[in-house]
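# A structural walkthrough
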Amino acid sequence: MIAPRTVMSRIPFLARSIAVLVLLGGVPFLTGCTTVKRSLKMKNAYSVRSEGRQELEARVRLHVDAFLARPEIKAKGLKFNGDIVVRTVAVDKKDRLGVPYWTEKTSGRVGGITLFTGSHLPVVIAVATINGRWDERTLRHECAHAVLLWNDIKGHPREYRNFVPLWY
């Protein structure tokens, strides 16, 4: 057993060591935490995961970055510091515009859906696909929802109708 005096004399050393560890080694770990990123107000630091499909991850990143780069979005000061998980749903139907969709009992026709349950969890985007291919308009639409939901904007506000596809 260690004498209390010995433990007490080591507390300043331990505190300094932990502080140095956090400052030097903990930064990569902290930047991966969604809650920390949101609380630090980091500028648009996010990750995208999509079942190992790099092309889909790249397209999501492109659409989110393009949405955030729009002058209207910059003027409003909207940011996105979350993480995105993209899932695909295989379907066999297309609408008159060529958009793949599935039918949901409560809301009817759905080509994609974005789920956001809070800042500590990732935004989940589900996109309908036919033969492994998705519709870019649906993907852009859902990426816009991801950014808006992160900023507590729900639904399809009219002010975004001119530049978000399939925004009815």
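Preceding block: the structure.
Residues numbered from 1 in each chain as written. Predicted model: local features only at pLDDT ≥ 70, side-chain atom pairs only at ≥ 80, totals over all residues. Heavy atoms only, no water.

## Regarding the side chain of threonine 129
Its place among the elements puts threonine 129 in strand β7 (residues 123–130). Residues in contact with threonine 129, not counting those within four places in the same chain, are Thr88, Val89, Ala90, Val91, Pro100 and Trp134. (Helix = DSSP H or I, 4+ residues; strand = E, 2+ residues; numbered from the N terminus. Contact = heavy atoms within 4.5 Å.)

## Things to note about the packing of helix α4 (residues 54–69) against helix α6 (residues 136–150)
Relative orientation of the contacting elements α4 and α6 amounts to 60°, with a least axis distance of 9 Å. On the basis of their axis angle, the class for α4 and α6 is oblique. When you trace α4 past α6, the crossing you get is right-handed. Residues Leu56, Arg59, Val60, His63, Val64, Phe67 and Leu68 of α4 form the contact with α6, whose participating residues are Glu136, Leu139, Arg140, Cys143, Ala144, Val147 and Leu148. (Axes fitted to C-alpha atoms, helices over the stretch in contact; angles between N-to-C directions. Parallel < 35°, antiparallel > 145°, perpendicular 65-115°, else oblique. Left-handed = near helix turned anticlockwise from the far one by under 90°.)

## Some words on the sheet that holds strand β3 (residues 93–94)
The strand order β3-β4-β5 describes an open sheet built from three strands, whose pairing is antiparallel. A single partner strand is all that each edge strand has here, and the edge strands are β3 and β5 (108–110). Where strand β4 (residues 100–104) meets β5, three bridges bridge the pair, whose relative direction is antiparallel. Bridge pairing links threonine 103 to arginine 109 in β5. (Pairing = 2+ DSSP bridges.)

## Side note on the nonpolar core
Looking at soluble globular proteins, one finds that nonpolar side chains tend to be buried together. Formed by 26 residues in total, the largest nonpolar core has its most connected members in Val60, Val64, Phe67, Phe80, Ile84 and Tyr160. Of all the secondary-structure elements, those providing two or more residues to this core are α4, β2 (83–90), β7 and α6. When residues in this core are grouped by element, the largest group, seven residues, is from α6. The next biggest cluster of nonpolar side chains, apart from the first, holds six residues, and it includes Trp102, Val110, Ala126 and Ala128. (Core = buried A, V, L, I, M, F, W, Y, C linked by side-chain atoms within 4.5 Å. Buried < 20%, exposed > 50% of the residue type's maximum accessible area, 1.4 Å probe, protein only.)

## Some words on the packing of aromatic side chains
All told, the structure shown has five aromatic pairs when counted by the stated rule. A centroid spacing of 6.3 Å and a plane angle of 45° characterise the contact between phenylalanine 67 and tyrosine 160, whose relative ring orientation is tilted. With phenylalanine 67 in helix α4 and tyrosine 160 in the segment after α6, this pair connects stretches of sequence that are 93 residues apart. There is no split in this pair, since phenylalanine 67 and tyrosine 160 are both buried. The cationic tip of arginine 133 hangs over the ring face of tryptophan 134; the distance from NZ or CZ to the ring centre is 5.0 Å. (Phe/Tyr/Trp six-rings, centres within 6.5 Å; stacked < 30°, edge-to-face > 60°. Lys NZ or Arg CZ within 6 Å of the ring centre and 35° of its normal.)

## Regarding the environment of phenylalanine 163
As for its placement among the helices and strands, phenylalanine 163 is situated in the segment after α6. When its relative accessible area of 10% is taken as the criterion, phenylalanine 163 is described as buried. Measuring from C-alpha to C-alpha, the distance between phenylalanine 163 and arginine 70 comes to 9.3 Å, with 93 residues separating the pair along the chain. If we skip the residues at most four places from it in the chain, phenylalanine 163 touches Phe67, Arg70, Glu72, Ile73 and Arg140.

## Let's talk about the environment of glutamate 142
By secondary structure assignment, the location of glutamate 142 is in helix α6. For glutamate 142, a relative accessible area of 4% puts it in the buried group. On a C-alpha basis, the gap between glutamate 142 and valine 60 in space is 9.1 Å, while along the polypeptide they are 82 residues apart.

## Some words on the layout of surface pockets
Of the pockets and cavities examined, the largest pocket occupies roughly 310 Å³. As for the largest pocket, its lining consists of 16 residues, of which Arg109, Gly111, Gly112, His141 and Glu142 are closest to the centre. Contributing elements (two or more residues each) for the lining of the largest pocket: β5, β6 (112–115) and α6. If one sorts the elements of the lining of the largest pocket by residue count, α6 sits on top with four residues. (1 Å grid on protein atoms, 1.4 Å probe; cavity = no way out; pocket = protein on both sides within 12 Å on 5 of 7 lines; lining within 4 Å. Points joined across faces, edges and corners; volume = space filled by probe spheres on them.)

Take it as geometry only, folks, not as evidence of what the structure does.
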